Each structure stands twice: as C-alpha cells, then as structure tokens.
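Observations on chain architecture
Read off the chains here:
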Amino acid sequence: MIVSIVSAIIIGAIIGALARLILPGRQNISIGLTLIVGIVAALIGTLIAGALGLTNTRGVNWWEHIIQLALAVLGVLLVVQMQTRKTH
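All values reported here derive from a predicted model rather than from experimental measurement.

Side note on the environment of Ala 19
- Structurally, the position occupied by Ala 19 is in helix H1 (residues 2-22).
- Taking relative accessible area as the criterion, Ala 19 reaches 0% and is therefore assigned buried.
- Between the C-alpha atoms of Ala 19 and Leu 77, which are 58 residues apart in sequence, the distance is 9.2 Å.
- Residues contacting Ala 19, with those up to four places away along its chain left out, are Leu 69, Ala 72, Val 73 and Val 76.

Looking at helix H2 (residues 31-51)
- Compared with an ideal rise of 1.5 Å per residue, which puts 21 residues at 30 Å, H2 spans 30 Å between its outermost C-alpha atoms and is within 8% of the ideal.
- Within the span of H2, buried status applies to Thr 34, Val 37, Gly 38, Ile 39, Ala 41, Ala 42, Gly 45 and Ala 49.
- Positive backbone phi, approximately 75°, marks Gly 53, located one or two places after H2.

Side note on a nonpolar patch on the surface
- Taken together, the side chains of Ile 2, Val 6, Ile 10, Ile 14, Leu 18, Leu 21 and Ile 22 define a hydrophobic patch exposed on the protein surface, amounting to about 690 Å² of accessible area.
- Tracing the backbone shows Leu 21 in helix H1.

Some words on the environment of Gln 81
- Mapping Gln 81 onto the fold places it in helix H3 (residues 62-87).
- Placed 39 residues apart in sequence, Gln 81 and Ala 42 show a C-alpha to C-alpha distance of 21 Å.

Some remarks on the confidence of the model for the protein chain
- For the protein chain, per-residue confidence averages 87 on the pLDDT scale, and 98% of positions sit at 70 or higher.
- Averaged pLDDT values for the elements of the protein chain fall to 87 in H1 and rise to 90 in H2.

Details of the nonpolar core
- Listed in full, the 10 residues of the largest apolar core are Ile 15, Ala 19, Leu 23, Ile 29, Val 37, Ala 41, Ala 72, Val 73, Val 76 and Val 79.
- Secondary structure elements with two or more residues in this core: H1, H2 and H3.
- Of all the elements, H3 adds the most residues to this core, at 4 residues.

Quick word on the packing of H1 against H3
- As a packed pair, H1 and H3 sit with axes 8 Å apart at the nearest point and diverge in direction by 60°. The pairing of H1 with H3 is recorded here as oblique in orientation. In this structure, H1 crosses over H3, and the sense of that crossing is right-handed. In this structure, H1 uses Ile 11, Ile 15, Leu 18, Ala 19, Arg 20 and Ile 22 to contact H3, whose residues at the interface are His 65, Gln 68, Leu 69, Ala 72, Val 73 and Val 76.
- In terms of residue class, the contact of H1 with H3 is made up of 9 nonpolar, 2 polar and 1 charged.

About the cut-offs
Residues numbered from 1 in each chain as written. Predicted model: local features only at pLDDT ≥ 70, side-chain atom pairs only at ≥ 80, totals over all residues. Heavy atoms only, no water. Helix = DSSP H or I, 4+ residues; strand = E, 2+ residues; numbered from the N terminus. Buried < 20%, exposed > 50% of the residue type's maximum accessible area, 1.4 Å probe, protein only. Contact = heavy atoms within 4.5 Å. Expected span 1.5 Å × (residues − 1). Patch = residues over 30% accessible without salt bridge, like charges linked within 9 Å, V, L, I, M, F, W, Y side chains within 5 Å. Areas by Shrake-Rupley, 256 points an atom, 1.4 Å probe, with all protein chains shown as cover. Salt bridge = Lys/Arg side-chain N within 4 Å of Asp/Glu carboxyl O. pLDDT = per-residue confidence, 0-100. Core = buried A, V, L, I, M, F, W, Y, C linked by side-chain atoms within 4.5 Å. Axes fitted to C-alpha atoms, helices over the stretch in contact; angles between N-to-C directions. Parallel < 35°, antiparallel > 145°, perpendicular 65-115°, else oblique. Left-handed = near helix turned anticlockwise from the far one by under 90°. Nonpolar A, V, L, I, M, F, W, Y, C, P; charged D, E, K, R; others polar.

Below, the structure is given as structure tokens:
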C-alpha cells in the first residue's frame with residue numbers, strides 16, 4: 001500500500017511536469033497544483049487502462065502512461081482556464 005502511494009506521487013509528479021511541458025505558453029499554476037493534477041491523472045489513467053484491459057503487459061506499460069499524460073494535459077488546461085476565469 002505504501003509503495004503504491006509513493007509510486008503514484010512520483011509518477012504523478014512526472015506526468016504533471018510533462019503535461020506542462022507539452023502545453024504551449026506559460027501556465028500560471030503552482031508546482032503543488034501541478035503535482036495534484038498529475039497524481040489525479042495518474043490514478044484515473046490507471047483505472048481507465050485497467051478497465052480497457054491494458055494493465056497486463058510485459059515491461060513498461062506505455063498505453064497506461066499515454067492515457068495518464070493525456071488526462072494530465074486536460075487537467076492542467078482545465079485548471080489554467082478556471083484560474084483565468086477567477087481573475088477576470
């Protein structure tokens with residue numbers, strides 16, 4: 001259980017950072033919020049990959065990571081849009 005939580009945090013941090021790098025321009029969100037978006041995207045992506053039967057692979061599960069990254073990009077976009085609406 002502890003290993004799963006730690007790996008979700010590490011993968012979430014990487015996924016969140018990659019999502020911000022993929023998006024063009026500057027995103028005015030904190031590192032902590034990026035981490036939270038990445039962790040949530042990693043967890044939901046794992047659930048989706050499991051539901052699609054993509055979790056039983058040998059080696060690195062690239063499909064799962066692609067789903068997680070896509071969700072993180074969408075999550076960062078949503079957070080940026082929500083913050084933009086708050087300031088206007």
